[in-house]
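Next come the chains, spelled out residue by residue.
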Amino acid sequence: MLRSWAQALRQAVQSITRSGLMSLASLATVSVSLLVLAVVACVAVNLNLMARELESQLEIRAFLRDGVNPAARQALIEQIQALEGVRSVTFISKEEGLAMMRERLGEQRWILEELEENPLPDSLKIELADPHQVVAVAEKVAAFPQVEKVRYGQGVAEKLLAVTRAIRIAGLAMVLLLMVATVFTLANTIRLAVEARRREIAIMKLVGATDWFIRRPFVMAGILLGMVGAALAAGLVYMGYQYLVRFLVTNLPFVPVAPPAELMQPLGSGLLALGALLGMVGSWISLRRYLRV
Amino acid sequence: MVRFVNVTKIYPGQTKPSLQGINLEIDRGEFVFIVGPSGAGKSTLTRLIYREELPTSGQVWVGGINVAKLKRSQVPYFRRTLGVVFQDFKLLPDRTVFENVAFALEVTDASRREILRRVPAALELVGMRDKANQRAQELSGGEQQRVAVARAIVRNPSLVIADEPTGNLDPENAWQIMRLLLNINQMGTTVIVATHAREMVDALRKRVVALENGTIVRDEERGVYGYA
Ligand SMILES: Nc1ncnc2c1ncn2[C@@H]1O[C@H](COP(=O)(O)OP(=O)(O)OP(=O)(O)O)[C@@H](O)[C@H]1O
Ligand SMILES: [Mg+2]
């Protein structure tokens, strides 16, 4: 049993190396499509990171009516805390609010000097566990009688969420598309190898080889090709990404990037597994026709 | 061993049947010639036996198995019980004689030891042992067919089917192959040979089944070729 697997592996290597230049070309094609796939995956991961960063900045400010006493306020905070999608509720007194505003205004804080009394109401800062619920939570908060008004970047928040959603869908679609393309490249390569051994396959069938026996070396060749292509792609992406991150960190430090080590470990093993899987699927597809004898 | 019950075969896209109303019974240990003019349906009949084709209607039984009832996944195991020899040898040209014969055992996941035991014995029988390491493409037609016969018998089948095994050979080589098939038959294997080789059929006086236009027109013990 083990011997026949070893034999199938040897045949797989043979069938790849025998068609030397052709295999090299297809290896390059597989590497390139996996490379593009990896790049898209990197971009997608980082866009997702950015999207999450943006989303996490979404928060709700609820301004309270005048004269809500501390006990009622505490009750309100607890009620809001209990709402779905809320992470934390922080009370910001009118004094704190003014201090924050002063801070924000910086050089122009003289505007506030003119004021005789603090114009700001007390407020609550509501941070969200799930940014997608911002509108729903804001509406519920606004419905409390103690609340005068809520602000959550109306309009902007919805747009931001729509954009991050589009980014995620586009990334996923690209990845899927490239996977299909890679499968077809692999299938085509294996098909050529199969074509070259058509006669042999027909004879194998006549002497009683099972489909699986006939498939085995080709499926292995597909897996091998997929994995070697993936390894090449992973190597290139790793080098490229490290370089890019170094550039970004020094030149655009405010852009959030996934650290190379953290991203590349799963990406590398993911690519290898994907290469193997796509190679298997590809060779399976390309053999189906030839086994109908 | 082989039984045809009212078998009709119409190839897809054809209207005229290639075989029609065939009833035939071949017993274990028999040696049978199938003869008839070109296009009579000899090859079709052999293909039905090793299940390269399925009957359009009727039944084909081989060794107690209704061939049409075999599942796709069972076909390989069924074929392993048969040996088949073709006019064009169907060897792998870039493999050695040994490898070509071993091939029939490898597909069954036979052990190395079994391969090393059986292949030389089969090559010995067909007189090709000394050329075991030559590539098939370097052999003469007669030698190639002997290798094909060795491949057909290496698994000890109880039935060997040969479709014009001597069609591409000169008379001397043809006789050698035919003698091999007779030897195999004497060892107890059922042998069915579709052929155009009038001299051999007439000289050997075995059972002859004659086909014309897809039907059996003659079935004689100790028969002759019977066509001009
Ligand atoms: N695969 C096929 N598809 C369609 N028709 C076929 C096919 N194989 C054979 N036929 C037809 O079936 C009939 C019988 O063919 P078959 O090959 O069985 O004859 P044969 O007796 O072996 O002839 P020959 O002596 O020339 O080998 C012929 O009319 C042929 O055209
Ligand atoms: Mg024929």
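Residues numbered from 1 in each chain as written. Chains lettered and ligands numbered in written order. Predicted model: local features only at pLDDT ≥ 70, side-chain atom pairs only at ≥ 80, totals over all residues. Heavy atoms only, no water.

1. Remarks on the confidence of the model for chain B
Close inspection of predicted coordinates is inappropriate for parts of the model with low pLDDT. Residues at a pLDDT of 70 or more form 100% of chain B, whose mean pLDDT is 94. Our summary of model confidence lists the complex with pTM equal to 0.72 and ipTM equal to 0.86. (pLDDT = per-residue confidence, 0-100.)

2. Topic: the site of ligand 1
Residues and elements named next belong to chain B. Ligand 1 sits among 14 residues. The nearest are S18, S38, K42, S43 and T44. Contacts to ligand 1 include A40, whose backbone N or O atom sits 3.2 Å from an oxygen atom. A distance of 3.2 Å separates an oxygen atom of ligand 1 from a polar side-chain atom of E164. When the free accessible area of ligand 1 is taken as 630 Å², the share hidden by the protein chains comes to 65%. When the residues that make up the shell around ligand 1 are grouped by side-chain class, the tally is three nonpolar, eight polar and three charged. (Near = heavy atom within 4 Å. Polar contact = N/O pair within 3.5 Å; in protein donor to acceptor, adjacent residues only side chain to side chain. Areas by Shrake-Rupley, 256 points an atom, 1.4 Å probe, with all protein chains shown as cover. Nonpolar A, V, L, I, M, F, W, Y, C, P; charged D, E, K, R; others polar.)

3. Description of the packing of helix α3 (residues 97–106) of chain B against helix α5 (residues 141–153) of chain B
Residues and elements named next belong to chain B. Viewed as axis vectors pointing N to C, α3 and α5 meet at an angle of 30°, and their least axial separation amounts to 8 Å. Between α3 and α5, the angle is such that the two are roughly parallel. Considering only the axes of α3 and α5, their crossing is right-handed. In contact with V97, N100, V101 and A104 of α3, α5 contributes V147, A150 and R151. In terms of residue class, the contact of α3 with α5 is built from five nonpolar, one polar and one charged. (Axes fitted to C-alpha atoms, helices over the stretch in contact; angles between N-to-C directions. Helix = DSSP H or I, 4+ residues; strand = E, 2+ residues; numbered from the N terminus. Parallel < 35°, antiparallel > 145°, perpendicular 65-115°, else oblique. Left-handed = near helix turned anticlockwise from the far one by under 90°. Contact = heavy atoms within 4.5 Å.)

4. Looking at empty space enclosed by the protein
Picture a little ball the size of a water molecule; that probe, rolled over the atoms, points out where space is still empty. According to the stated counting rule, one finds four cavities of 30 Å³ or more in the structure shown. Approximately 90 Å³ is the volume attributed to the largest cavity. Surrounding the largest cavity, L206 and V207 of chain A together with L82, G83, V84, F86, A104, R151, A152 and R155 of chain B form its lining. At the level of secondary structure, the elements contributing two or more residues to the lining of the largest cavity comprise β6 (82–86) and α5 of chain B. (1 Å grid on protein atoms, 1.4 Å probe; cavity = no way out; pocket = protein on both sides within 12 Å on 5 of 7 lines; lining within 4 Å. Points joined across faces, edges and corners; volume = space filled by probe spheres on them.)

5. Let's talk about helix α6 (residues 171–186) of chain B
Residues and elements named next belong to chain B. With 16 residues, α6 extends 22 Å from end C-alpha to end C-alpha; this agrees with the ideal 22 Å at 1.5 Å per step. Turning to α6, its buried residues number three or more, namely N173, A174, I177, M178, L180, L181, L182, I184 and N185. Against β3 (31–35), α4 (112–125), α5, β7 (159–163), β8 (190–194) and α7 (198–204) lie the buried residues of α6. The positive-phi residue at the C-terminal boundary of α6 is G188, with phi of around 110°. (Expected span 1.5 Å × (residues − 1). Buried < 20%, exposed > 50% of the residue type's maximum accessible area, 1.4 Å probe, protein only.)

6. Focus on the environment of R146 of chain B
Residue and element names in this part refer to chain B. Residue position: R146 is located in helix α5. R146 gets classed as buried once you look at its relative accessible area, which sits at 12%. Taking C-alpha positions, R146 is 9.3 Å from L125, a pair spaced 21 residues apart along the chain. R146 has contacts with V126, G127, M128, Q176, I177 and L180, leaving out every residue within four places of it along the chain.

7. Here's the deal with the sheet that holds strand β2 (residues 86–92) of chain A
Residue and element names in this part refer to chain A. Judged by pairing direction, the sheet is antiparallel, and its four strands sit side by side in the order β2-β3-β1-β4 without closing on themselves. The open sheet has two free edges, formed respectively by β2 and β4 (147–151), since each of these has just one partner strand. Pairwise comparison of adjacent strand axes, ignoring direction, gives a mean angle of 20° for this sheet. Sheet topology places strand β1 (residues 59–64) next to strand β3 (residues 123–128); five bridges connect them, and they run antiparallel. Across the sheet, residue F63 finds its bridge partner in β3, namely S123. Relative to the sheet, helix α3 (residues 70–81) contacts β1, β2, β3 and β4, its axis offset from that of β2 by approximately 160°. Each of β1 and β2 is contacted by helix α4 (residues 94–105), which is oriented at about 95° to β2, the strand it contacts most. (Pairing = 2+ DSSP bridges.)

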